[in-house]
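Examining the three-dimensional arrangement
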Amino acid sequence: MNHKSSAVETTRHEQLGLTDAQVLEMYRTMLLSRRFDERGLLLQRSGKINFHVSGIGQEAAQVGSAFAFRKQHDYFLPYYRDYAFVLAVGMTVRELMLSIFAKAEDPNSAGRQMPGHFGSKRLNIVTGSSPVTTQVPHAAGIALVAKMKKQDIVTYASFGDGSSNQGDFHEGCNFAGVHKLPVVFVCENNQYAISVPYSKQVACESIADRAVGYGFPGVRVDGNDPLEVYRVTKEAHERARRGEGPTLIETVTYRISPHSTSDNDLAYRTKEEVDYHKGRDPIPRFREYLYACGVLSESVETDMEAELAGIIKEATTYADQAPFPQPEDTLKYVYGDESI
Amino acid sequence: MTTISYIDAINAAMQEELQRDENVFVLGEDVGVKGGVFGTTKGLMEQFGEERALDTPLAESAIAGVAIGAAMVGMRPIAEMQYSDFMLPATNQIISEAAKIRYRSNNDWQCPIVIRAPFGGGIFGGLYHSQCPESIFFGTPGLKIVAPSTPYDAKGLLLAAIRDEDPVLYFEHKKCYRSVTGEVPDEDYIVPIGKADVKREGDDITVITYGLTVHFALQAAEELAKEGIEAHIVDLRTLQPLDKEAILESVRRTGKVLILHEDNKTGGVGAEVSAIISEELLFELDAPIARLCGYDVPAMPISPPLEKFYMLNKDKVMEAMRKLALF
């Protein structure tokens with residue numbers, strides 16, 4: 001990665017209009033997401049929670065995208081690995097912990113849904129489900145309303161590489177293309193749909209190539225480089241705001257963790273392969289960049305790690321001790337009219 | 001009161017709601033310039049513009065999914081499925097998404113959409129333009145399902161559906177479009193979702209039905225009256241949630257019940273109606289619960305004698321009613 005090599009030369013992030021404080025916040029969000037994710041895996045292994053699904057390795061792609069959007073203004077339809085994304089747009093670790101512990105206070109679903117099924121009207125994070133890619137037509141619908149009402153709102157929808165094979169991906173992209181809607185579709189290509197590798201999922205070289213068929217640009221980007229992801233997403237966001245329609249961004253990354261805590265990934269991929277990608281982990285890479293720029297120092301980093309450890313600890317304790325929903329809450333909110 | 005056709009009642013409901021509420025819009029294949037393949041959306045694009053009578057790509061999951069997205073941010077979309085037979089590509093959006101959005105978000109998000117779908121046979125539509133798919137969605141909590149039989153109910157239920165806070169599947173019978181006329185009020189009104197309607201009073205037998213077969217039952221009842229058999233006819237109007245009180249009250253009145261629908265028998269709405277009656281009223285019955293429904297074949301064929309064989313009609317219904325009365 002390039003960095004400031006002389007006093008007059010500007011850094012990459014400055015060229016993108018990002019301040020030192022902003023890139024430091026990007027890094028902090030990536031690290032916070034990682035620490036949360038690691039704790040989630042640990043809590044599952046120790047029997048404190050039933051299930052965890054991880055986004056380890058995809059933090060740069062998620063944070064790079066999120067920083068190009070406007071918090072509590074634009075609309076977000078993330079997918080189940082998007083912890084770093086939802087943290088970047090305002091969800092707290094305590095809220096994520098309440099979700100993985102399936103507690104009543106969980107704002108995503110009050111303990112109804114699996115972890116990673118985000119939703120918060122307060123944060124414009126639209127409720128999601130498990131059948132993948134259903135959110136792509138929803139994103140088109142929200143963007144259609146922004147266009148109809150002439151609102152300056154851009155919608156984000158993300159999904160995995162496997163999801164790009166679903167009919168809803170095609171139908172949603174096509175609809176958004178026909179109506180030139182203000183939406184950015186982000187495929188986080190982590191190379192696997194559970195056990196099935198990219199080569200057995202997709203015959204074309206790049207998911208981004210698929211955009212051609214919908215009449216809008218497709219951009220393939222190094223998903224382990226948050227600044228590059230930010231750059232292309234910002235361009236797509238501006239394109240949407242100008243009324244020029246959707247963009248498909250493919251952030252190429254790697255799923256370092258197994259699919260979920262119910263998956264043994266070494267049954268279908270080698271340790272060598274995983275280790276190779278651990279060597280390309282976006283977090284140490286961004287850390288190195290920030291050190292080179294002088295944004296991050298040992299003291300800043302020590303303070304940050306301590307702060308994040310405190311947040312994780314507090315959130316874990318809080319969520320662990322928080323009450324479960326009442327059993328009869330199962331019956332609530334089937335319809336708006338509770339008498340039905 | 002004005003006398004209009006069933007299809008004009010549907011059109012009028014949409015026209016009035018588009019006028020009343022700027023958040024209402026219609027989307028689907030051919031709903032704009034053409035005004036719908038049956039003419040249900042005729043004139044809406046001319047009056048309200050292309051965006052509010054939106055011609056969409058031929059892709060039912062997107063029609064439903066886009067409507068769901070729009071509804072979640074405050075709109076009141078009416079999504080048209082050209083034929084209910086073609087709803088199946090949208091089933092995941094309807095069952096996994098629309099039905100569960102309120103529940104899965106603990107009431108944080110809502111999904112007030114209407115999905116209109118012409119259903120039923122008798123128009124030489126063959127296998128894929130004649131089906132009654134309501135039983136696919138019936139039993140999915142979170143959805144409301146209505147199926148009007150008259151212009152009054154068609155307009156009033158559509159107005160109620162558009163104003164409802166939850167997703168409503170609105171099944172409109174194609175055969176009723178132009179063959180059924182009736183009075184509708186000139187002023188604003190709704191038919192409440194979840195309320196059945198007694199279409200004819202009688203003390204000998206009860207017929208519980210919905211959609212086109214309501215008319216067969218009414219025609220048969222007039223003839224049977226000449227034989228001294230008085231039928232009590234209940235039009236469910238709403239299939240989900242079922243009006244249990246109205247069902248039980250009507251069966252209590254006569255002690256004999258025939259459940260009638262065009263959808264095939266096995267797993268149909270009638271099976272649930274029958275179960276409700278069995279659970280609550282078994283010892284008040286004077287005859288076994290009777291059902292007259294479509295045959296359990298995949299769908300109705302197009303060849304005239306085959307379609308005629310499949311479809312219910314006044315005579316088949318009358319025979320079943322008489323048999324029950326004489327039990």
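First, a word on scope: everything that follows refers to the structure included in this document. Please read these numbers as outputs of a predicted model, since none were measured by experiment.

The next subject is a nonpolar patch on the surface. On the surface, a cluster of nonpolar side chains totalling about 290 Å² of accessible area is made up of Tyr295, Val297 and Phe309 of chain B. Its relative accessible area of 38% is what places Val297 of chain B among the partly exposed residues.

Moving on: the sheet that holds strand S6 (residues 144–146) of chain B. All names here are of chain B. In space, the seven strands of this open sheet follow the order S3-S2-S4-S5-S7-S6-S12, with mixed pairing throughout. Only two strands of the sheet have a single partner each, and these edge strands are strand S3 (53–55) and strand S12 (238–240). Averaged over neighbouring strand pairs, the angle between their axes works out to 20 degrees when direction is ignored. Two elements, S6 and strand S7 (residues 168–173), share three bridges in a ladder whose sense is parallel. From the neighbouring strand, Val146 faces S7, where its bridge partner is Tyr170. In this fold helix H3 (residues 60–72) packs onto strand S2 (24–28), strand S4 (76–80) and strand S5 (114–119), with an angle of close to 175 degrees to the strand it touches most, S4.

Another point: the interface of chain A and chain B. Counting residues at the interface gives 41 residues for chain A and 42 residues for chain B. For the pair chain A and chain B, the summed buried area comes to about 3,500 Å², and 64% of that belongs to carbon and sulfur atoms. Counting across the interface, chain A meets chain B through one salt bridge. Note that Lys149 of chain A and Glu22 of chain B form a salt bridge whose closest N and O atoms lie 3.9 Å from each other. Where chain A touches chain B, the interface holds 20 residue pairs in polar contact (both at pLDDT 80 or more). Only helix H6 (135–148) and helix H7 (167–178) of chain A provide two or more residues apiece to the side of chain A that touches chain B. Grouping the constituent residues of the side of chain A that touches chain B by class yields 18 nonpolar, 15 polar and eight charged.

Our focus in this paragraph is the pattern of salt bridges. Residue and element names in this part refer to chain B. Scanning the entire structure with this criterion turns up 46 salt bridges over all chains. The closest approach of N and O atoms between Arg116 and Glu80, which form a salt bridge, is 2.9 Å. Of this pair, Arg116 sits in strand S5 while Glu80 sits in strand S4, placing them 36 residues apart in sequence. The class of Arg116 is buried, set by a relative accessible area of 0%. Among the salt bridges present, the one from Glu172 reaches Arg116, with a minimum N-O distance of 2.8 Å. Of the two residues, Glu172 sits in strand S7 while Arg116 sits in strand S5, which places them 56 residues apart along the sequence. Looking at Glu172, the relative accessible area reads 0%, which means it is buried.

Cut-offs used in this document
Residues numbered from 1 in each chain as written. Chains lettered and ligands numbered in written order. Predicted model: local features only at pLDDT ≥ 70, side-chain atom pairs only at ≥ 80, totals over all residues. Heavy atoms only, no water. Patch = residues over 30% accessible without salt bridge, like charges linked within 9 Å, V, L, I, M, F, W, Y side chains within 5 Å. Areas by Shrake-Rupley, 256 points an atom, 1.4 Å probe, with all protein chains shown as cover. Salt bridge = Lys/Arg side-chain N within 4 Å of Asp/Glu carboxyl O. Buried < 20%, exposed > 50% of the residue type's maximum accessible area, 1.4 Å probe, protein only. Pairing = 2+ DSSP bridges. Helix = DSSP H or I, 4+ residues; strand = E, 2+ residues; numbered from the N terminus. Axes fitted to C-alpha atoms, helices over the stretch in contact; angles between N-to-C directions. Contact = heavy atoms within 4.5 Å. Buried area = accessible area lost by both parts, 1.4 Å probe. Polar contact = N/O pair within 3.5 Å; in protein donor to acceptor, adjacent residues only side chain to side chain. Nonpolar A, V, L, I, M, F, W, Y, C, P; charged D, E, K, R; others polar.

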